[in-house]
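# Per-entry structural report
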Amino acid sequence: MSEKKIPVTKEDLENIALEHPTPFYLYDEKAIRENVRNFYKAFSWAPGFKNYFAVKACPNPAVLQMLKEEGCGVDCSSLPELLMSEKVGFKGEEIMFTSNDTPPEEFAEAARLGAVINLDDISHVNTLEQSAGIQEMVSFRYNPGDLRSGNVLIGDPQEAKYGVPRDKIIEAYRLAGEKGARRFGLHTMVASNELEDSYFVETACMLFELAVNIYRETGINVELINLGGGIGIPYRPEDKPVDLNWVSKEMKELYNRFIVKEGLDPVNIVFECGRMITGPYGYLVSRVRHVTHKYKDYVGLDACMANLMRPGIYGAYHHITVPGKEHLSRDYYYDVTGSLCENIDKFAVDRPLPEIEPGDLLVMHDAGAHGYAMGFNYNGKLRSAELLLKEDRSAQLIRRAETIDDYFTTLRFSGAPVSL
Ligand SMILES: *Cc1c(COP(=O)(O)O)cnc(C)c1O
């Protein structure tokens, strides 16, 4: 069981809303920092342990800055993410570049920054050579195919577009070595939002064994094993978070059994988690506009699916707290909706809640990763502000809300000059 509490009172939120109208995202700085510290503590045995935060989960410089201070690197998947990371001050191998279907100019930019480049296919060795030159450090993303089953979110590895398949992975290292790479990384990412502890141990086992095989076949000793992201979070109150201490203990044994025994120690052990870092500590705060009674009872919010699309596209559960009504029994059932002209624009269906009135604040939990970031502008919906909740409970604006001018910026109204 995870207790679903918000880190502020109704009064705090109303005060914040005086200055920053709803809807807005609120990230809890203290909780995120503590969470990262616990993650690092759990893996303190692991050589070079680092989490390269997946920028796509929460692409905001203030969040990245905070994670940098806590010792994280960044995992980027595009040019804008690389440039944002550079602006925040991430340098060289603090940056991982894990992309797919990558244009040559992005390889070139990643190389300019000295990032660890994770290649998604054996043919990308040539693409890299032509666009940026073979780097001293080269990493490959491995796709185990039918050796592993993925999960619902990411799908079956055999159906996945990602990574170097089993029958080409040894050849990939050999080729990169022949072309001049001298240092090597090994990466995989086979699950997303996975809550089963043993899954991560199996992934580690698979990669440690593969590292031994690569060494035996090619003489190449990978110096970095990247276990990817995908550690899930307990979205539902009855979900159990991944037991990182147990996962770490099991991984350590495997590390000794494979890596140390083969004489390959030390190999840096890293992750590129996004969701489990910021997800549970970010909230979407919105206000109730209307409560209507049709064939069902509806709560209409000033936020919509354009602010948080996970419920609409995945049917994902996000717990809802009504500040000030935490202690009332949840004996009303509502569909909680937004204002989009799409009937999938529902944050919750048949959700038991206390009786709701217009003007109530509603807080959506676990929105700190893949929340704001997946937002969109359909129906001319403007994107919300993002706020950082400081330790003294004040809120710092870390991204202002979009304006109509922002929305019109890329448009060309007739008669207006087109500037390129
Ligand atoms: C999305 C992604 C991540 C982060 O996933 P989380 O579920 O947020 O931990 C890490 N690595 C790669 C390659 C990804 O595509």
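With that out of the way, let us pick up the pattern of salt bridges. In total, this model carries 26 salt bridges according to the counting rule given. In this structure, Lys 325 engages Glu 357 in a salt bridge whose closest nitrogen and oxygen atoms are separated by 2.7 Å. Of this pair, Lys 325 sits in the loop between strand E13 (320–321) and strand E14 (332–337) while Glu 357 sits in the loop between strand E15 (346–353) and strand E16 (361–364), and the two are 32 residues apart along the sequence. Owing to a relative accessible area of 12%, Lys 325 belongs among the buried residues under this scheme. One salt-bridge network, held together by shared partners, links Glu 29, Arg 33, Arg 37, Glu 69, Glu 70 and Lys 390.

Time to look at empty space enclosed by the protein. In the structure shown here, the tally under the stated rule is 4 cavities of 30 Å³ or more. Estimates place the volume of the second largest cavity at around 60 Å³. Lining the second largest cavity, in full, are Thr 188, Met 189, Val 190, Ala 191, Tyr 199, Phe 200, Thr 203, Leu 227, Gly 229, Met 251 and Phe 271. Among the elements that make up the lining of the second largest cavity, the one with the highest residue count is helix H8 (residues 197–218) (3 residues). Its residues assigned to classes, the lining of the second largest cavity comprises 8 nonpolar, 3 polar and no charged.

Okay, helix H3 (residues 61–69) next. Residue pairs three or four apart in sequence face the same way in an α-helix, which turns once every 3.6 residues. Every buried residue of H3 is listed here: Val 63, Leu 64, Met 66 and Leu 67. Looking down the long axis of H3, one finds its buried residues gathered within 160° of arc, a one-sided arrangement. Capping of H3 at its N-terminal end is provided by Asn 60; its side-chain oxygen lies 2.9 Å from the backbone amide nitrogen of Ala 62. Just downstream of H3 lies Gly 71, where phi reads positive at about 95°.

Here we come to unusual backbone geometry. Residue Pro 23 follows Thr 22 across a cis peptide bond; omega there is -5°. If you trace the backbone, Pro 23 turns up in the loop between helix H1 (10–19) and strand E1 (24–28). Looking along the chain, the bond that leaves Asp 265 and enters Pro 266 is cis, with omega of 0°. Relative to the elements of secondary structure, Pro 266 occurs in the loop between helix H9 (244–260) and strand E10 (268–271). The phi dihedral of Asp 366 is positive, around 60°, even though this residue is not glycine. Summarising the element assignment, Asp 366 is placed in the loop between E16 and strand E17 (385–389).

Our focus in this paragraph is the state of the cysteines. According to the stated counting rule, one finds 0 disulfides in the structure shown. Here Cys 76 stays free of any disulfide, with the sulfur of Cys 72 as its closest cysteine sulfur at 13 Å. Cys 304 carries a free sulfur, and the closest cysteine sulfur to it, the one in Cys 341, is 9.8 Å from it. Cys 304 sits in the buried class, given a relative accessible area of 3%.

Taken as a whole, the largest pocket encloses approximately 620 Å³ of empty space. Around the largest pocket sit 27 residues that line it, and Lys 56, Tyr 162, Met 189, Ser 192 and His 370 are the ones nearest its centre. When contributions to the lining of the largest pocket are tallied by element, the ones reaching two or more residues are strand E3 (73–76) and helix H11 (310–314). Of the residues assigned to the lining of the largest pocket, the class counts are 11 nonpolar, 9 polar and 7 charged. The two domains that each donate at least three residues to the lining of the largest pocket are domain 1 (28–278) and domain 2 (282–408). Here the second largest pocket defines a volume of roughly 540 Å³. Surrounding the second largest pocket, 22 residues form its lining, Asn 35, Pro 234, Pro 241, Pro 280 and Tyr 281 being those nearest its centre. Residue contributions to the lining of the second largest pocket peak at 3 residues, all from helix H2 (residues 29–42). Taken together, the residues that form the lining of the second largest pocket break down as 12 nonpolar, 5 polar and 5 charged.

With that settled, consider the domain arrangement of the chain. One can read the domain layout of the chain as domain 1 (28–278) and domain 2 (282–408). The centre of domain 1, based on its C-alpha atoms, is set 32 Å off from the matching centre of domain 2. Contact residues are listed per partner, giving 21 residues for domain 1 and 20 residues for domain 2. Across the interface of domain 1 and domain 2, roughly 1900 Å² is buried in total on both sides, 55% from carbon and sulfur atoms. Per-residue buried area on domain 1 facing domain 2 is highest for Asp 28, Glu 29 and Tyr 235; these three make up 31% of the total on that side. Taken together, domain 1 and domain 2 are joined by 2 salt bridges.

This paragraph deals with the site of the ligand. As a matter of local geometry, the ligand sits amid 14 residues, with Lys 56, Gly 230, Glu 272, Arg 275 and His 370 nearest to it. Side-chain polar atom of Asp 75 to a nitrogen atom of the ligand: 3.4 Å apart, as the coordinates give it. Note that an oxygen atom of the ligand is positioned 2.7 Å from one of the side-chain N or O atoms of His 370. Calculation on the ligand without its partners gives an accessible area of 390 Å², and the protein chains cover 89% of this total. A majority-of-atoms criterion places the ligand in the largest pocket. Residues belonging to the shell around the ligand are distributed by class as follows: 3 nonpolar, 6 polar and 5 charged.

For the pair helix H7 (residues 166–178) and H8, the least separation of the axes is 10 Å and the interaxial angle reads 55°. By the criterion of interaxial angle, the relationship of H7 to H8 is oblique. Here H7 and H8 pass one another in a crossing that is right-handed. The segment H7 lies against H8, with Ile 169, Ile 170, Tyr 173 and Arg 174 engaging Leu 210, Asn 213, Ile 214, Glu 217 and Thr 218. For the contact of H7 with H8, the class distribution of residues is 5 nonpolar, 2 polar and 2 charged.

Criteria and cut-off values
Numbering of residues starts from 1 in each chain and follows the order in which that chain's sequence is written. The predicted nature of this model means local features are confined to residues of pLDDT at least 70 and side-chain atom pairs, given and counted, to a pLDDT of 80 or more, with totals for whole chains, interfaces and linings taken over all residues. Side-chain measures were taken over the full set of non-hydrogen atoms in the model, leaving aside hydrogen atoms and water. Each reported salt bridge corresponds to a side-chain nitrogen of Lys or Arg within 4 Å of a carboxyl oxygen of Asp or Glu. Under the scheme used here, helices are H or I runs from DSSP no shorter than 4 residues and strands are E runs no shorter than 2 residues, and both carry numbers assigned from the N terminus. Between buried and exposed lies partly exposed: a residue is buried under 20% and exposed over 50% of the maximum accessible area for its type, with that area taken using a 1.4 Å probe on protein chains only. Both cavities and pockets are sets of points on a 1 Å grid over the protein atoms alone; in a cavity a 1.4 Å probe fits but cannot get out, in a pocket the set is open with protein on both sides within 12 Å along at least five of seven lines, and lining residues sit with an atom within 4 Å of a point. Grid points are joined across faces, edges and corners, and a volume is the space filled by probe spheres set on the points. When residues are sorted by character, Ala, Val, Leu, Ile, Met, Phe, Trp, Tyr, Cys and Pro go into the nonpolar class, Asp, Glu, Lys and Arg into the charged class, and all the rest, Gly among them, into the polar class. This arc corresponds to the set of directions leading from the helix axis out to the C-beta atoms. As used in this structure description, the phrase polar contact means that two N or O atoms lie within 3.5 Å; if the pair is within protein, one of them must be able to donate a hydrogen and the other to accept it, and residues adjacent in sequence are counted only when both atoms belong to side chains. Cysteine sulfurs are considered disulfide-paired once they come within 2.5 Å of each other. Domain boundaries shown here were taken from an automatic or database domain assignment. Residues are treated as being in contact if the distance between any of their heavy atoms lies within 4.5 Å. Simply put, the buried area is the total loss of 1.4 Å probe accessible area from both parts when two parts are fitted together. Working definition: residue near molecule or strand if any one of its non-hydrogen atoms lies within 4 Å of it. Here the open area of atoms and residues is found with the Shrake-Rupley method and a 1.4 Å probe, where only the protein chains shown may cover a residue. Just a note on the criterion: a molecule sits in a pocket or cavity if more than half of its atoms are within 2 Å of the grid points. Lines fitted to C-alpha atoms define the axes, with helix axes restricted to the stretch in contact, and inter-axis angles between N-to-C directions lie between 0 and 180 degrees. Any angle that falls under 35 degrees is termed roughly parallel, while one over 145 is termed roughly antiparallel, one within 65 to 115 roughly perpendicular, and all others oblique. Working rule for handedness: look at the near helix, and if it is turned counterclockwise from the far one by less than a right angle, call the crossing left-handed; if clockwise, right-handed.

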